[in-house]
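As a plain string of letters, each chain reads:
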Amino acid sequence: MAQTQTQTAKAPVIEHTMSERFTAMVVNEFRAAFGAELQLSPMQKRLAQHLFIKIDQALASFELKRLDEGKKDVLPYTWQNINLPKLASDSIHRINLGLDALIPNHISPIAYYNKRERKYDLDLRVGYVGKDYYRRKVAITEPVDVIYELVYSKDTFKPIKKNAANAIESFEFEIVNPWDRGEIVGGFGYIMYEDPTRNKLVIVTEKDFKKSEDAAKSGTFWKNYRTEMKFKTLVHRVTDKLTIDPAKVNESYAAVERDDAEGIILAEIEANSNKEPLDIEPGQGETDQGQPEETEQAPPETPAGDQPPRQPKQQPIPQNAKGPGF
Amino acid sequence: MHINVIASSSAGNACIVSHGQHTVLIEAGITIRDIGKAMSYHITDLDGALISHEHMDHAKSLRELARLGVDCYLSKGTAEALGITGHRIHPVEAKKQFSIGPWFVLPIDLVHDAAEPLGFLICIEDYRLLYACDTAYIPYTFPGQLTHIMLECNYSIEILREKIAAGVLPRVMKRRLMRSHMSIDTVLKFLRANDLSRVQEIWLLHLSDRNSNEAQFKAEVQKQTGKIVKVA
């Protein structure tokens with residue numbers, strides 16, 4: 001009788017790279033959180049690996065800064081301290097939109113401490129290049145190209161609008177002196193379609209830049225990177241003009257648009273709160289404040305004792321002031 | 001210094017701050033009758049009234065106060081938005097200090113969906129009260145050792161997220177809230193950024209009915225600061 005010999009074949013040990021483990025984590029966390037199976041295409045797996053590399057670099061950078069600043073009481077920026085279910089969900093949405101974290105200005109991770117979870121929430125902020133990329137894909141008609149140009153005072157720019165005599169909206173733009181273009185006076189975006197009669201010219205003025213600057217209130221960026229901030233504003237303004245196709249809007253698009261808004265507001269609050277020290281100087285109360293807005297003088301009042309006067313110092317009455325309101 | 005918060009919500013805001021014989025009203029977002037009732041009908045005893053912005057939950061009784069002879073202090077933008085003028089209406093400017101009797105007041109510019117919203121740093125004798133309601137954040141710190149703090153503490157971002165996920169709150173509402181009201185996280189960061197060694201009371205104002213958790217907010221501020229925390 002032939003003896004059957006069972007031989008246990010040793011399976012080769014497969015060492016998974018960190019990025020492969022991250023991809024597996026994303027899939028597993030997504031399944032655990034949403035009870036849904038997820039199959040990533042080879043391209044999506046590559047995007048997940050790129051996202052891992054970007055986040056890993058960002059965490060190393062945050063941690064280095066934390067140590068440099070001697071913030072020992074601040075939770076270390078390590079993978080163990082990251083809110084993974086949220087990261088998995090946010091990652092999937094960005095991967096679904098085809099955003100590549102290794103392309104500059106596609107995705108920037110920013111860490112916020114989540115006190116409920118006692119971990120960091122990573123906000124995967126979508127940059128202006130990423131927004132341009134995914135918004136083109138969800139447009140009703142995908143443009144073949146979009147041109148963005150800042151216009152300087154010494155450039156010449158002439159918009160050519162669509163009318164009865166001209167079927168294609170267009171422009172004439174010339175950089176007269178590339179070495180000294182003067183100050184930025186505005187910008188334009190030109191959205192080009194296969195059918196050129198659909199081409200659209202979007203003009204952004206200096207006043208629009210100012211509105212964005214005021215709305216952002218992120219003085220530091222606007223002060224130090226003015227040209228870049230204006231170019232980003234231009235891209236945002238132009239991509240907002242792309243008409244979104246409701247049929248192409250999916251959960252990932254909705255999630256990224258929503259997170260984008262929340263992240264921007266939180267960043268504004270963080271960048272601008274608790275900055276300038278202010279104090280009051282008792283005894284310095286008489287200023288130019290509190291002048292009445294009309295000609296009628298307040299009834300004379302006599303301050304009691306040696307107290308400071310009850311009314312602020314009055315300014316001369318303006319000649320064009322209105323009459324009594326009461 | 002004694003603080004009496006008469007009302008603090010989107011339905012109306014008003015509080016009376018008094019020290020000795022002197023009293024100021026902050027906000028007039030309730031009826032003149034309710035203000036009078038809270039002051040035992042001695043409205044004319046007020047040294048003045050400070051109004052943060054033109055929304056009716058802060059300025060409802062402004063005209064009546066002025067008619068009764070109370071000096072009212074508000075920004076020029078607020079006065080213009082309300083279309084109000086008069087010798088009792090005193091336009092004031094952010095970061096320009098003024099006085100009302102023994103009170104010294106420094107208006108501060110805030111971040112809200114109003115024409116020219118203000119908060120107020122109010123000083124009388126050794127007391128320093130900071131009042132900041134209806135703002136997304138406070139751009140300033142106050143090294144002059146505050147003794148009383150009154151801050152809006154409107155919502156929790158976690159509650160907002162949950163409400164949106166449940167479809168209870170429209171996303172556009174969330175953006176508006178975040179851009180014009182202060183969250184518990186922003187309040188805690190503000191308190192961390194300031195010297196609280198002399199602080200006697202911290203008041204949390206204008207809690208949202210739907211997007212806040214009073215007990216949790218109070219506990220978090222108490223835990224972080226170790227101070228008396230009151231919720232209005």
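Nothing here was measured: the structure is a model prediction, and the numbers come from that model. (Residues numbered from 1 in each chain as written. Chains lettered and ligands numbered in written order. Predicted model: local features only at pLDDT ≥ 70, side-chain atom pairs only at ≥ 80, totals over all residues. Heavy atoms only, no water.)

Draft legend 1. The sheet that holds strand β14 (residues 228-231) of chain B, seen in detail. All names here are of chain B. The 7 strands are arranged β7-β8-β9-β10-β12-β13-β14 in an open sheet whose pairing can be described as mixed. The open sheet has two edge strands, β7 (98-100) and β14, and neither has a second partner. Each adjacent strand pair in this sheet contributes to an overall mean axis angle of 20 degrees, direction not counted. Strand direction decides the pairing type here: β7 and strand β8 (residues 103-109), joined by 3 bridges, are antiparallel. Each residue of the ladder has a partner; that of Ile-100, found in β8, is Trp-103. Strands in contact with helix α7 (residues 184-192) are β10 (127-132), β12 (148-152) and β13 (201-205); relative to β12, the strand with the most contacts, it is inclined by about 155 degrees. Docked against the sheet, helix α8 (residues 214-225) engages β13 and β14, running at close to 160 degrees with respect to β14. (Pairing = 2+ DSSP bridges. Helix = DSSP H or I, 4+ residues; strand = E, 2+ residues; numbered from the N terminus. Axes fitted to C-alpha atoms, helices over the stretch in contact; angles between N-to-C directions. Contact = heavy atoms within 4.5 Å.)

Draft legend 2. Structural context of the nonpolar core. Of all hydrophobic cores here, the largest spans 31 residues; its most connected members are Leu-130, Ile-138, Phe-142, Leu-151, Leu-191, Leu-204 and Val-221 of chain B. Breaking this core down by element, the ones donating at least two residues are β8, β9 (118-124), β10, β12, α7, β13 and α8 of chain B. No other element matches the 5 residues that α7 of chain B contributes to this core. With sequence-adjacent residues up to four places away left out, Leu-151 of chain B is seen in contact with Leu-130, Ala-132, Ile-138, Met-182, Val-187, Phe-190, Leu-191, Trp-203, Leu-204 and Leu-205 of chain B. Membership of the second largest hydrophobic core comes to 28 residues, among which are Trp-79, Ile-82, Val-138 and Tyr-253 of chain A. (Core = buried A, V, L, I, M, F, W, Y, C linked by side-chain atoms within 4.5 Å. Buried < 20%, exposed > 50% of the residue type's maximum accessible area, 1.4 Å probe, protein only.)

Draft legend 3. Region of the structure containing the environment of Met-229 of chain A. Structurally, Met-229 of chain A is set in helix α7 (residues 226-239). In this structure the C-alpha to C-alpha distance between Met-229 of chain A and Ser-212 of chain A, which are 17 residues apart in sequence, comes to 9.3 Å.

On their own, these measurements won't tell you what the molecule is for.
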